Amino acid sequence: QVQLVESGGGLVQAGGSLRLSCAASGRTFSRYALGWFRQAPGKEREFVAAINWSGGMTTYADSVKGRFTISRDNAKNMAYLQMNSLKPEDTAVYYCATKALYSGSWFPSQIDRWGQGTSVTVSS
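The structure displayed is predicted, hence computed values, not measured ones. Here the residue numbers are simple positions, counted from 1 along each chain's written sequence. Residue-level local features of this predicted model are given only where pLDDT is at least 70; pairs of side-chain atoms are given and counted only at 80 or more, and the full residue set underlies all totals for whole chains, interfaces and linings. Hydrogen atoms and water are omitted, and side-chain values are computed over all heavy atoms in the structure.

### Observations concerning the environment of Glu 89
Right, so step 1: Tracing the backbone through its elements, the reader meets Glu 89 in the loop between strand S8 (78–83) and strand S9 (92–99).
Right, so step 2: What makes Glu 89 exposed here is its relative accessible area of 55%.
Right, so step 3: Taking C-alpha positions, Glu 89 is 9.3 Å from Ser 123, a pair spaced 34 residues apart along the chain. Helix and strand labels come from DSSP, where a helix needs a run of H or I of at least four residues and a strand needs a run of E of at least two; each type is numbered from the N terminus. Here's how the labels work: a residue is buried when its accessible area is under 20% of the maximum for its type, exposed when over 50%, partly exposed in between, all with a 1.4 Å probe on protein chains only.

Shown next as structure tokens:
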């Protein structure tokens, strides 16, 4: 089974950038589709971005499209979320997650495995 550990969160000013990393353990990482979700205080967990097993297909929430980029390096068992032009409303705990099959729609109920999350705070 895949274990996921996020890193790279922190405090950044509006307009700044951060790159989140997701380190996966286990030899089966490349078999899974991977997604990033986030959860702001008092709100439900929401989908941010996803990528298929090969990296050839991606999908994004409308709120981050054009600002965030998801990628993965299966040789290193790593996935990334490059976040540019950050806004205060991007403040949340960010989680990476896996599921068996890539699709255009991602919901928390579909997820097989979650990381522990990394906190991102964007100040205005």
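Still more ground to cover, so stick around.
### Focus: the pattern of salt bridges
Right, so step 1: Whenever a carboxyl oxygen of Asp or Glu lies within 4 Å of a side-chain nitrogen of Lys or Arg, that contact is scored as a salt bridge. The full count for this structure, using the stated rule, is four salt bridges.
Right, so step 2: One salt bridge connects Glu 46 with Arg 38, and the closest N-O pair in it is separated by 2.6 Å.
Right, so step 3: By relative accessible area, which is 36% here, Glu 46 ends up partly exposed.
Right, so step 4: The salt bridge partner of Arg 38 is Asp 90, with a shortest N-O separation of 2.9 Å. Taken together, the residues span a long stretch of sequence, with Arg 38 in strand S4 (residues 33–39) and Asp 90 in the loop between S8 and S9 at a distance of 52 residues.
Right, so step 5: A relative accessible area of 0% places Asp 90 in the buried class.
Right, so step 6: Linked by salt bridges that have partners in common, Arg 38, Glu 46, Arg 67 and Asp 90 make up one network.

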